[in-house]
Amino acid sequence: MTATLDFDLTSKTLEGDYTLHYHEAGSGPVLLMLHGSGPGVSGWSNFAGNFPVFAEHYRTIVLDMPGFGRSPALEWNDVYPRVAADAIRYFLDTLGIDRVDIVGNSMGGNVGTEFALAHPDRVRRMVLMGPGGLAVNSFAPAVSEGSRRLFEFLANPTREGMVAWVDTMVGNPAVVSDELIDQRLANALQPGAIANTFAIFQTFSDPRFADRPQLWTRAAQVRQETLLIWGRDDRMLPYEGGLFPFRQMPNSELHVFSRCGHWAQIERKDEFERLTLEFLGR
């Protein structure tokens, strides 16, 4: 049975041009895990359950991206994924890491793909679960149910709003505990957290950055071997949106889980870990 890993014992902070908090365990090739966005999110909240499994095979780094978890916010001088991708460049440079595999969930998939496009020789393979920015929906509404619930919570941050938002993240509500809700709510209500989350999302519509090409328009340029993972019941980024990057990315594979929403790494934990380890091919 895989042992658990302690939050404090694996916790580290890098300071410099970017201040970035992260967790690290294991040895071998480097696996960088990038969390999604949303209220109360951090690298630990997304990947605490998976972290010990991957640390048995890799030097596994679970990063708090800028403005999330214990990594402080910045003055956003570009769309968020590009800022975060540059923070990853600095992070890897400072730690002397030349090349990584990336596991990215939602916004983390967006950021990981931006990094792979900017530094193609530094990313070997990627596993992206419901990656933001790459999905193109032909049938679902432009604003998904999950997005609506997210912004409803940010406008009125109550426990009921958190419950409603988290419900849209999963296909199987049995995986949602009171402890998960309470922890996410406590994190989301930290001083400045709501305003910072708004500021991050607003970079996507900021007129200063209107000339930045959308990530999905560059999907065909992503040359890394990539496993796209979607939940069939994803109400944040509906799974049919994954067909576009699957078609466009020349070295991609697509796996769709039934009975699964946006958090494949939580809802289908064992299967997700098995697929990822097989794909990365350690």
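Rules behind the numbers
- Throughout this document, residue positions are counted from 1 along each chain, in the order its sequence is written.
- Confidence filtering applies because this is a predicted model: local features only for residues at pLDDT of at least 70, side-chain atom pairs given and counted only at 80 or more, and all residues used for totals across whole chains, interfaces and linings.
- Each side-chain value is derived from all of the structure's non-hydrogen atoms; neither hydrogens nor water enter the calculation.
- Numbering goes from the N terminus for both helices and strands, where a helix is a DSSP run of H or I of at least four residues and a strand is a run of E of at least two.
- Within these notes, the globule rule equals 2.2 Å times the number of residues to the 0.38 power, and the radius of gyration is based on C-alpha atoms.
- Contacts are residue-level and defined by heavy atoms, with any inter-residue pair within 4.5 Å sufficient.
- For the area figures, the Shrake-Rupley method with a 1.4 Å probe applies, and any residue is considered shielded solely by the protein chains shown.
- His residues and chain termini do not enter the charge count, which takes Lys and Arg as positive and Asp and Glu as negative.
- Working definition for charges: the position is that of NZ of Lys, CZ of Arg, CG of Asp or CD of Glu.
- As used in this structure description, the phrase polar contact means that two N or O atoms lie within 3.5 Å; if the pair is within protein, one of them must be able to donate a hydrogen and the other to accept it, and residues adjacent in sequence are counted only when both atoms belong to side chains.
- When a residue's accessible area, from a 1.4 Å probe over protein chains only, is under 20% of the maximum for its type it is buried; when over 50% it is exposed; and in between it is partly exposed.
- Taken from the helix axis, the directions to the C-beta atoms give the arc we talk about.
- By the convention used here, strands pair only if DSSP detects at least 2 bridges between them.
- UniProt positions are given in the numbering used here, feature names are shortened, and annotations may be inferred rather than shown by experiment.
- By convention a crossover is right-handed if, when the strands point away from the viewer, the path from the first strand over the helix to the second runs clockwise.
- Comment: axis = line fitted to C-alpha atoms, over the contacting stretch for helices; angle = value between 0 and 180 degrees taken between N-to-C directions.
- To sort the angles, those under 35 degrees are grouped as roughly parallel, those over 145 as roughly antiparallel, those from 65 to 115 as roughly perpendicular, and the leftovers as oblique.
- When the near helix sits turned anticlockwise from the far one by under a right angle, the crossing is termed left-handed; a clockwise turn instead gives a right-handed crossing.

We now examine the overall build of the protein chain. The secondary structure content of the protein chain amounts to twelve helices and eight strands. Taken over the C-alpha trace, the protein chain has a radius of gyration of 17 Å; the compact-globule value for 282 residues is 19 Å, and the two agree within 12%. Sequence-distant contacts in the protein chain: of pairs separated by 6 or more residues, those separated by 24 or more amount to 74%. Counting every atom, the protein chain has about 12,400 Å² of accessible surface; 49% of that belongs to carbon and sulfur. In the protein chain, which carries 25 positive and 34 negative side-chain charges, the distance between the mean positions of the two groups comes to 5 Å.

Right, let's talk about the environment of Leu 150 for a bit. Within the fold, Leu 150 resides in helix H6 (residues 145–155). Leu 150 has contacts with Gly 38, Pro 39, Trp 165 and Phe 201, leaving out every residue within four places of it along the chain.

Looking at the element boundaries, Asn 50 is found in the loop between helix H2 (43–47) and helix H3 (51–55). Here the side chain of Asn 50 touches Gln 265 through a polar contact of 3.0 Å, landing on its backbone oxygen. Those residues in contact with Asn 50, other than ones at most four positions away along the chain, are Met 33, Gln 265, Lys 269, Phe 272 and Glu 273.

Within H6, the full set of buried residues consists of Gly 146, Ser 147, Leu 150, Phe 153 and Leu 154. Angularly, the buried residues of H6 cover 125° about the axis, an arc narrow enough to put them on a single face. Residues of H6 that are buried in the fold lie against helix H7 (159–169), helix H8 (178–188) and helix H9 (193–202).

The buried count for strand E6 (residues 123–129) comes to six of seven residues, which makes it a mostly enclosed element. Direction of pairing for strand E5 (residues 100–105) relative to E6: parallel, over a ladder of five bridges. Bridge pairing in E6 links Gly 104 to Leu 128.

What follows covers the UniProt feature "domain: AB hydrolase-1" (unreviewed entry) in the protein chain. Per the UniProt record, the feature "domain: AB hydrolase-1" (unreviewed entry) sits at residues 29–268. Counted over residues 29–268, helix gives 38% and strand 15%. Its end C-alpha atoms are 25 Å apart.

This part takes up the pairing of E5. Of all six residues that make up E5, six are buried, and the element is covered over most of its length. Burial along E5 is two-sided: Val 100, Ile 102 and Gly 104 and Asp 101, Val 103 and Asn 105, pointing in opposite directions, are all buried. Relative to E5, strand E3 (residues 30–34) runs parallel, the two being bridged by four bridges. Each residue of the ladder has a partner; that of Leu 34, found in E5, is Gly 104. A crossover links E5 with its parallel partner E6, the connecting element being helix H5 (residues 107–118), and its sense is right-handed.

Backbone hydrogen bonds are what pair the strands of a sheet, in a parallel or an antiparallel way. The strand order across the open sheet built from eight strands is E1-E2-E4-E3-E5-E6-E7-E8, with neighbouring strands paired in mixed fashion. Strand pairing shows two members of the sheet lacking a second neighbour, strand E1 (11–14) and strand E8 (252–257), which therefore form its edges. Each adjacent strand pair in this sheet contributes to an overall mean axis angle of 20°, direction not counted. Sheet topology places E6 next to strand E7 (residues 225–231); five bridges connect them, and they run parallel. Considered in E7, the bridge of Leu 128 is made with Leu 228. Together, E3, E5, E6, E7 and E8 form the strand contacts of helix H12 (residues 269–280), whose direction differs from that of E6 by roughly 160°.

Turning next to the side chain of Thr 168. Locating Thr 168 in the fold gives a position in helix H7. In this structure the side chain of Thr 168 is engaged in a polar contact, spanning 2.6 Å, whose partner is the backbone oxygen of Trp 165. Apart from residues no more than four positions distant in its own chain, Thr 168 is found in contact with Glu 145, Gly 146, Arg 149, Arg 235 and Met 236.

Even without being a glycine, Ser 106 presents a positive backbone phi close to 55°. For Ser 106, a relative accessible area of 10% translates into the label buried. The backbone of Arg 259 shows a phi angle near 50°, a positive value even though the residue is not glycine. For Arg 259, the position within the fold is in the loop between E8 and helix H11 (264–267). You can call Arg 259 exposed: its relative accessible area is 53%.

Let us now look at the packing of H6 against H9. Orientation of H6 relative to H9, taken along the N-to-C sense of each, is 140°, at an axis distance of 10 Å. Judged by the angle between their axes, H6 and H9 are oblique. Classified by chirality, the crossing of H9 by H6 is left-handed. Across the interface between the two elements, Leu 150, Phe 151, Phe 153, Leu 154 and Ala 155 from H6 touch Ile 194, Thr 197, Phe 198 and Phe 201 from H9.

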